[in-house]
Amino acid sequence: MSLAPEHAPTMARPSLLQRLEPHAPALLIAALALAGLALIPALSSWITLTVAGLAMGMMIFTIASGMTLVFGLLDVINFGHGAFISVGAFVGVSALAALGGGAPDADPSALSDLTTLGLAAIAAMAATALMGLAFERVIVRPVYGAHLKQILVTMGGLIIVQQLIFVVWGPDEIHVARPESLKGAWTFAGAAVEKYRVMAVGLGLALFLGLRWLMRGTKVGLLVRAGVENGEMVEALGYDIRRLFIAVFMAGSALAGLGGVMWGLYQEVITAPSYAGQ
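A. View of the overall build of the protein chain. If you tally the helices and strands in the protein chain, you get 11 helices and four strands. Projected onto its principal axes, the C-alpha positions of the protein chain cover 95 × 55 × 35 Å. Across the 278 residues that make up the protein chain, the buried fraction comes to 37%. Split by element, the accessible area of the protein chain, about 15,900 Å² in all, is 69% carbon and sulfur. With 15 positive and 16 negative side-chain charges, the protein chain shows a separation of 7 Å between the mean positions of the two kinds.

So, in structure tokens, the structure goes:
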């Protein structure tokens, strides 16, 4: 009997590009910021523009993250995503006005302003999450797996919501007053950095880290990713994949509502046509 040949398993060391690939988004942001510094001679202008760009990007990320969850995990092309953004903006602004946020005689303390803003954001997210539940059951559920039908029915849902916004809030512009502690700017190295933009960057970064942890480091994220790959196997293990997917749709809708509130406070004015068409 001949002896089996000796075999020593070897592990190929990943290349530099492979090691850097997981950090590509952060490296790209840093590279663009450094490129801007090289092109903009004044440091104060570079700081102001960099913070403004980051704030805009984080608000767009907040809005888009909801659509990413729905499309990336559920394979649903939701052309009605703008409806959740608009409803979130209008509900959030209405809640902010009802709570006295931005009023001239309101408590100017930062804690009070952030509490008021947080409650308005929660109201907007709750409203859009419930709207997402109804949207999924009535409009999306019958067309799972049919992309063309999804485009048509979700676009129809968008038009319906747009008309409902006209009925409830009217076609006129609604001016939004930011809470007092989020008005104005801080001065740093000769640059004026708006307080609200700094808050938007911090909130967007916290949301990014939270979603990353949820999808990669929790059992819920594992079940969602497993359900996308093989839903039948997940159901065979005793999990209700339908409820899990509804929860994902509601979470995506709530994130769209949060993004709508952030964008409305950034623009300081909202109108039904401009929001419902996003």
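B. Looking closely at helix H6 (residues 147-169). In this model H6 runs 32 Å from its N-terminal to its C-terminal C-alpha over 23 residues, within 8% of the 33 Å that 1.5 Å per residue would give. Buried within H6 are the following residues: Gln150, Thr154, Gly157, Leu158, Val161 and Ile165. Once H6 finishes, glycine 170 follows within two positions and takes phi at roughly 85 degrees, a positive value.

C. The arrangement of the packing of aromatic side chains in detail. All told, the structure shown has six aromatic pairs when counted by the stated rule. For the pair phenylalanine 84 and phenylalanine 249, a centre-to-centre distance of 6.4 Å together with 80 degrees between the ring planes defines the contact as edge-to-face. One end of the pair, phenylalanine 84, is in helix H4 (residues 81-98); the other, phenylalanine 249, is in helix H10 (residues 241-267), and 165 residues separate them in sequence. With a relative accessible area of 0%, phenylalanine 249 lands in the buried category. Taken together, a centroid distance of 5.6 Å and an interplanar angle of 40 degrees make the contact between tryptophan 263 and tyrosine 266 tilted. Residue tryptophan 263 and its partner tyrosine 266 are both found in helix H10; the two are separated by three residues, about one turn of the helix. The pair formed by tryptophan 263 and tyrosine 266 is uniform in burial state, with each residue classed as buried.

D. Highlighting the nonpolar core. Grouped together as the largest cluster of nonpolar side chains are 53 residues, with contacts concentrated most on Met59, Tyr196, Phe249 and Leu265. Mapped by element, the contributors of at least two residues to this core are helix H3 (43-74), H4, helix H5 (110-140), H6, helix H7 (195-217), helix H8 (219-229) and H10. Looking at which element gives the most residues to this core, the answer is H10, with 13 residues. If you look at the next biggest cluster of nonpolar residues, it comprises five residues, including Trp46, Ile47, Val51 and Val193.

E. Focus on the layout of surface pockets. The space that makes up the largest pocket amounts to roughly 750 Å³. Residue lining of the largest pocket: 21 residues in total, with Pro25, Phe61, Phe208, Leu211 and Arg212 positioned closest to the centre. For the lining of the largest pocket, the secondary-structure elements that each account for two or more residues are helix H2 (24-39), H3 and H7. Sort the elements by how many residues they give to the lining of the largest pocket and H3 lands first, with nine residues.

F. Quick peek at the packing of H7 against H10. For the pair H7 and H10, the least separation of the axes is 11 Å and the interaxial angle reads 165 degrees. Here H10 runs roughly antiparallel to H7, going by the angle between their axes. In this structure, the crossing between H7 and H10 has a hand that is left-handed. Contacts between H7 and H10 involve Tyr196, Arg197, Ala200, Leu203, Leu207 and Leu211 on the former and, on the latter, Leu255, Leu258, Val261, Met262, Leu265 and Tyr266. Taken together, the residues of the contact of H7 with H10 sort by class into 11 nonpolar, no polar and one charged.

G. Structural detail: the environment of glycine 260. Within the element layout of this structure, glycine 260 appears in helix H10. Classification of glycine 260 by relative accessible area gives buried; the value is 0%. Taking the C-alpha atoms as reference points, glycine 260 and alanine 83, 177 residues apart in sequence, are found 9.7 Å from one another.

H. Seen up close, the pattern of salt bridges. Evaluated as defined, the whole model comprises seven salt bridges. Between arginine 141 and glutamate 136 there is a salt bridge whose closest N-O contact spans 3.3 Å. Overall, glutamate 136 belongs to the buried group, its relative accessible area being 0%. Lysine 183 is the salt-bridge partner of glutamate 180, the closest N and O atoms lying 3.5 Å from each other. With a relative accessible area of 31%, lysine 183 lands in the partly exposed category. Among the charged side chains, a salt-bridge network with shared partners connects Arg178, Glu194, Arg197 and Glu268.

The rules behind each value
Residues numbered from 1 in each chain as written. Predicted model: local features only at pLDDT ≥ 70, side-chain atom pairs only at ≥ 80, totals over all residues. Heavy atoms only, no water. Helix = DSSP H or I, 4+ residues; strand = E, 2+ residues; numbered from the N terminus. Buried < 20%, exposed > 50% of the residue type's maximum accessible area, 1.4 Å probe, protein only. Areas by Shrake-Rupley, 256 points an atom, 1.4 Å probe, with all protein chains shown as cover. Lys, Arg positive; Asp, Glu negative; His and termini not counted. Charge placed at Lys NZ, Arg CZ, Asp CG, Glu CD. Expected span 1.5 Å × (residues − 1). Phe/Tyr/Trp six-rings, centres within 6.5 Å; stacked < 30°, edge-to-face > 60°. Core = buried A, V, L, I, M, F, W, Y, C linked by side-chain atoms within 4.5 Å. 1 Å grid on protein atoms, 1.4 Å probe; cavity = no way out; pocket = protein on both sides within 12 Å on 5 of 7 lines; lining within 4 Å. Points joined across faces, edges and corners; volume = space filled by probe spheres on them. Axes fitted to C-alpha atoms, helices over the stretch in contact; angles between N-to-C directions. Parallel < 35°, antiparallel > 145°, perpendicular 65-115°, else oblique. Left-handed = near helix turned anticlockwise from the far one by under 90°. Contact = heavy atoms within 4.5 Å. Nonpolar A, V, L, I, M, F, W, Y, C, P; charged D, E, K, R; others polar. Salt bridge = Lys/Arg side-chain N within 4 Å of Asp/Glu carboxyl O.

Just geometry here; none of it tells us what the structure is for.
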